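Working through the structure, step by step
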Amino acid sequence: MKSATPPPWGTEGPVQAEVFVVRLRGDRLELTGPCGPEAWYIESHPDDDPMEVVNRLATNLMGPPLLVHSTSWRRGTGGVILSFLVVVGDDQASDLASVPIGRADLARNTATEGATAIATSQVVEHALRHVAWLAQDDAAVQAALSPAWLAVLAGYVPEPFRHLG
Amino acid sequence: MGKPTRNRVLVVHCACGVVMRGTKGELVLIVQKHALESHNMKTTREEVLSRARPES
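The written sequence of each chain sets the order in which its residues are numbered from 1. Labels follow written order: the first chain is A, the first ligand is 1, and so on. Residues qualify for local features only when their pLDDT is at least 70, as the model is predicted, and side-chain atom pairs are given and counted only at 80 or more; totals for whole chains, interfaces and linings, by contrast, use all residues. As a convention, hydrogens and water are excluded, and side-chain values are obtained from all of the structure's heavy atoms.

Counting its secondary structure elements, chain A contains four helices and seven strands. Reading the helices (α) and strands (β) of chain A from amino to carboxyl end gives β-β-β-α-β-β-β-α-α-α-β. A total of 165 residues make up chain A; the buried ones form 48% of that total. Should any heavy atoms of two residues lie within 4.5 Å, those residues are considered in contact. Partitioning the intrachain contacts of chain A with sequence separation of at least 6 by distance along the chain shows that 67% fall at a separation of at least 24. Surface summary for chain A: the accessible area is close to 7700 Å², and the carbon and sulfur share equals 52%. Secondary structure elements are defined from DSSP: runs of H or I of at least 4 residues count as helices, runs of E of at least 2 residues count as strands, and each element is numbered from the N terminus. Relative accessibility decides the category of a residue: with a 1.4 Å probe and only protein chains considered, values under 20% of the type maximum give buried, values over 50% give exposed, and everything between is partly exposed. Computed with a 1.4 Å probe, the accessible areas rest on the Shrake-Rupley method; for each residue, only the protein chains presented here act as cover.

Here's what the structure looks like:
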């Protein structure tokens, strides 16, 4: 998996959504989406609700997702990058390229400073730990995910929303 | 003698990996549609054409 690449045109809004689309295939999670396994960047304009924009574009391009959740944020060029995890059904958007998700250590720093460098794989790792936490804490999330999904998430150490860099 | 410019096929590579091709008039519409539908971005004709390259 490559590091995040800039979008094709400079963002003008204060928030850019960085979306990781995940589905379960067998007992493995894989990254997929309109940009294949790469992070999918979506502009959020000042009047937009980033959550609504991500949900709407995901629905338009892949069908209704099972789960949309923002899991971390970090400073980006000209604004904030808000990372989202979008879970789609096992047989949804099956024509889109995908890669299995491996495990990664999290990017960390001191108790009062964000990480100075962060790889895409670390953002995804944190996102899955965040959803693992939600699956224990949020009944709506638990209900949205299949038993197989919950079993895979049990392997991730739960962790709530955090600033990554 | 090269092809007339009007019908020359141009290419734009989006950072997300999508490759779009077409004549100048076609390509502007294709790229603007992709930018809006996939990235929520409004792009001008000039922005699209500044990133277009002749198909090799």
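Turning our attention to the overall build of chain B. Scanning chain B for helices and strands turns up two helices and three strands. Its helices and strands in sequence order give chain B the pattern β-β-α-α-β, from N to C terminus. For chain B, the residues scored as buried account for 36% of the 56 residues in total. A separation of at least 24 residues holds for 29% of the contacts in chain B among residues at least 6 apart in sequence. For chain B, the exposed surface amounts to about 3700 Å²; the carbon and sulfur share of it is 53%.

As a further point, take the pattern of salt bridges. All names here are of chain A. We count a salt bridge whenever a side-chain nitrogen from Lys or Arg sits within 4 Å of a carboxyl oxygen from Asp or Glu. As enumerated under the stated definition, the model contains eight salt bridges over all chains in all. The residue Glu30 makes a salt bridge to Arg23 at a minimum N-O spacing of 2.9 Å. Accessibility assignment for this pair places Glu30 and Arg23 in one class, buried. One salt bridge connects Glu30 with Arg25, and the closest N-O pair in it is separated by 3.5 Å.

So, about the nonpolar core. Among buried residues, the Ala, Val, Leu, Ile, Met, Phe, Trp, Tyr and Cys ones that are joined through side-chain atoms within 4.5 Å form a nonpolar core. In terms of nonpolar packing, the biggest core is built from 27 residues, with A:Val19, A:Trp40, A:Ile42, A:Val54 and A:Val86 touching the most fellow members. For this core, the secondary-structure elements that each account for two or more residues are β1 (15-25), β3 (40-44), α1 (50-62) and β5 (79-87) of chain A together with β1 (10-13) and α1 (24-39) of chain B. By residue number, the principal contributor to this core is α1(A), which donates five residues.

Contacts between chain B and chain A engage 16 residues on the former and 19 residues on the latter. Two parts placed together each lose some accessible area; with a 1.4 Å probe, that loss summed over both constitutes the buried area. Considering only the side of chain B, the residues that lose the most area to chain A are B:His39, B:Asn40 and B:Met41, jointly responsible for 40% of the buried surface there. The interface formed by chain B and chain A holds zero salt bridges in total. For this analysis, a polar contact is any N or O atom pair within 3.5 Å, provided that within protein one partner can donate a hydrogen and the other can accept it, and provided that sequence-adjacent residues contribute only side-chain to side-chain pairs. Counting across the chain B and chain A interface gives six residue pairs in polar contact (both at pLDDT 80 or more). Mapped by element, the contributors of at least two residues to the side of chain B that touches chain A are α1 and α2 (45-51) of chain B. With six residues, the top contributor of residues to the side of chain B that touches chain A is α1(B). Class assignment of the residues belonging to the side of chain B that touches chain A gives a composition of nine nonpolar, four polar and three charged. In the scheme used here, Gly and all other residues not listed as nonpolar or charged are polar, with Ala, Val, Leu, Ile, Met, Phe, Trp, Tyr, Cys and Pro taken as nonpolar and Asp, Glu, Lys and Arg as charged.

We now examine the confidence of the model for chain A. As a per-residue measure, pLDDT tells how confident the predictor is, with possible values from 0 to 100. Across chain A, the average pLDDT comes to 88, with 90% of residues at 70 or higher. Confidence, read as mean pLDDT per element, is least for strand β7 (residues 162-163) of chain A in chain A (68) and greatest for helix α3 (residues 139-144) of chain A (97).

With that settled, the discussion passes to the packing of aromatic side chains. Ring pairs are drawn from Phe, Tyr and Trp, using the six-membered ring of Trp, whenever the two centres fall within 6.5 Å, and their geometry is named by plane angle: stacked under 30 degrees, edge-to-face over 60, tilted for the rest. Evaluation of the coordinates by the stated rule reveals zero aromatic pairs over all chains. Both a distance and an angle decide whether a charge sits over a ring: NZ of Lys or CZ of Arg must be within 6 Å of the ring centre and within 35 degrees of the ring normal. Geometry around A:Tyr156 places A:Arg103 over its ring, the cationic atom sitting 3.7 Å from the centre.

What follows concerns the pairing of strand β4 (residues 67-76) of chain A. Residue and element names in this part refer to chain A. Of all 10 residues in β4, seven are buried; the element is thus mostly enclosed. Relative to β5, β4 runs antiparallel, the two sharing nine bridges. Directly across from Gly76, in β5, lies its bridge partner Gly79. Paired strands, as defined in this entry, are two strands with at least two bridges between them according to DSSP. Between β4 and β5, which pair antiparallel and follow one another directly, the connecting turn spans two residues, one of which, Gly78, has a positive phi of 80°.

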